[in-house]
Every structure is written in C-alpha cells, then in structure tokens.
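Below are the chains, spelled out letter by letter.
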Amino acid sequence: MLRQEMDLAAIERTFRGLKNLSWLDLTGGEVTLREEAAEIVQMILRQAKKICIFHLSTNGQLPEKALLLAREAVRHRVVPVINISVDGPEEVNDRLRGKKGAYRLSLEAFRKIKGLKKAHCYLSCTISKLNIAHLDALLLELKRDVPGFDLADLHFNLFHNSGHYYQNQDVDAACGSEAPVAQKYLSLCQGGNPVKIWLEKAYMKGLARYYQKGKAVLKCQALSSSCFIDPYGTVYPCSIYDKPVAELRDYDFDVRAAWNGSASISVRKSIEQGACPGCWSPCEAYPAILGDMAKAAFS
C-alpha cells in the first residue's frame, strides 16, 4: 500500500504549533516536485514567523521552480540559503544522476538564484568514493561554465548512509581511507558570508576529530533541539538515525505532543548516552556546533 504524503492541511497544522521555530531545512526527496511547493513555503513562513535560517536543498532539475521558491522566501522577508546539488564534472554528474543534461540544469538553477538579491546560493557536492577522483575536474569545469565562479560558491559535504532519508543503506561509498583527500577539498570552501565561514571552520575542526575517533565528539542535538520529519509525517531523530519515534497523524499533527511522547523520550535518552550513529553530516553537525557554542556561552 502506497503511503500518502502530508497534504496542505496537515502541513499547516504541523507548523501552526511551531511558532518559535528558528531553523528549517526544507528538503526531500526533491521538494520542487511537489506541485504545491510554493504554497507550502508560503504556509510555513506565515505560521513560523521567527525562522532565522531557511535552508532549501534541491537537485536543480527544475530551475524555474527552484527560483520561485527562493523568491517566496525573500518575499516573506526571510533570507534563504539554497543548496543546489552537483556530483562532479558534467559526465560524472550526469552518470551518477542517471540523466543527460542534469549538470547543465543544476548550473542554470544556480545562476538564476545567484542573481536574486537577499538569497545565499551554493553548489553542493557530496564527496564519496564515486566522485572523489574527479573533483579537480569539477573545479575546472565550474570555473569554465560559471562566470565569476568562486570557491566560496561551493559547499562540500561527506557521503553518509541513511535508510529513511537517502535510501542508500546498502551503498558502500563512504570515503574511508581517502578521508585526507576529502578533507583537502572540504577545506577549500571556507569562504563566503561570515556565518558560513564560521560554520565551515568549526565543521572542519570537528571533522578532523571525527576521523580520529570514528564518531562525532560534540553532543548531538537530535530530539533535543531538532528532528527530521519525512513527507509522510513520520518523525525521526535526524536525517541519519533510522529510528522512527512518532507518526504525526497519531498526534493530530501536533509536533510538540509527538516530541514529548514516550518513544521520543526514550530515544532522546539513548542519544544522550551515545547510542546514535554519531555522524558528521552538516545537517546534524551544524546544530551540534551551535549547541556547543550556546553551552560555552552560558557556562
């Protein structure tokens, strides 16, 4: 039986109870494939008026739709951060994406959104065994194909496995022994706006310790200050830890009630005791970095 994605009414009820939400990552799947994507962005920003960071991830295959979503965020006086995926130079990217012309569409989306005032737009490349040997070629092609391209326009991150988010639990593509090479490329992109610079530097510092210990060393914020909600309304601790804790439908789409449910409390305690995978994915690492900073500021 096919699961039904949350409809507009369910999404509205979900965000109605999140008036104090400050950070939102809107991702997929691919968010631009939702016919009502612009309405969803409008609805979220009407309900959660305290959002400071509005992050949108897209594969860039629908450039006009991605631009529309960025414009909606700006119209609601939010400064969006848009990441557009590119997996390597043109031939490698299109092979990994399984679509001829995917590279060109990603660059078109980037150029369109980059020209939008009050939006931060980056090309995002996930480093894995599948593309690590081609990253120099990617940099050369981007300099050729993107007028005025700067390394500050690029964001690298690391391949992670996730059954419920990436659905790649059986793919062996983590960098492993090639970690020092991955670190070299990650360190190239510590430029841009001050917030990005600070987060990238903190991320790199944590990355070195992650490779040394094989586990993140900062306290994970999953189910403490953040969670992941899939398109069907299932709540997970984060995008990596494949352990569902609630179905929003069972709580009339009240995230706070689901957050305080017995399963959430139990998993939250287990995470505090180090039971989660201990990843260093930016989606989870950045909240951990900010949580560590807050702890230091008030200690």
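Whatever comes next refers back to the structure up there.
Cut-off values and rules
- Residues numbered from 1 in each chain as written.
- Predicted model: local features only at pLDDT ≥ 70, side-chain atom pairs only at ≥ 80, totals over all residues.
- Heavy atoms only, no water.
- Helix = DSSP H or I, 4+ residues; strand = E, 2+ residues; numbered from the N terminus.
- Buried < 20%, exposed > 50% of the residue type's maximum accessible area, 1.4 Å probe, protein only.
- Contact = heavy atoms within 4.5 Å.
- Pairing = 2+ DSSP bridges.
- Axes fitted to C-alpha atoms, helices over the stretch in contact; angles between N-to-C directions.
- Phe/Tyr/Trp six-rings, centres within 6.5 Å; stacked < 30°, edge-to-face > 60°.

A. Just the environment of H120, in detail. Along the chain, H120 falls in strand 4 (residues 120–127). Classification of H120 by relative accessible area gives partly exposed; the value is 30%. For the pair H120 and K196, spaced 76 residues apart in sequence, the C-alpha to C-alpha distance is 10.0 Å. The residues touching H120, leaving out its near neighbours within four places in the chain, are V79, P80, V81, I82 and N193.

B. Spotlight on the sheet that holds strand 1 (residues 23–26). Taken together, five strands build an open sheet; the order of strands is 1-2-3-4-5 and the sheet is parallel. Only two strands of the sheet have a single partner each, and these edge strands are strand 1 and strand 5 (154–158). The average undirected angle you get between the axes of adjacent strands in this sheet is 25 degrees. Pairing of strand 3 (residues 80–85) with strand 4 involves five bridges; the strand directions are parallel. Looking at the pairing, I84 lines up with L123 of strand 4.

C. Representation of the packing of aromatic side chains. Under the criterion given, the structure shown has seven aromatic pairs. A ring pair is formed by F228 and Y236, whose centres lie 6.3 Å apart and whose planes are at 55 degrees; its orientation type is tilted. In terms of burial, F228 and Y236 fall into one category: buried. Taken together, the ring pairs connect Y165, Y166, F228 and Y236 into an aromatic cluster.

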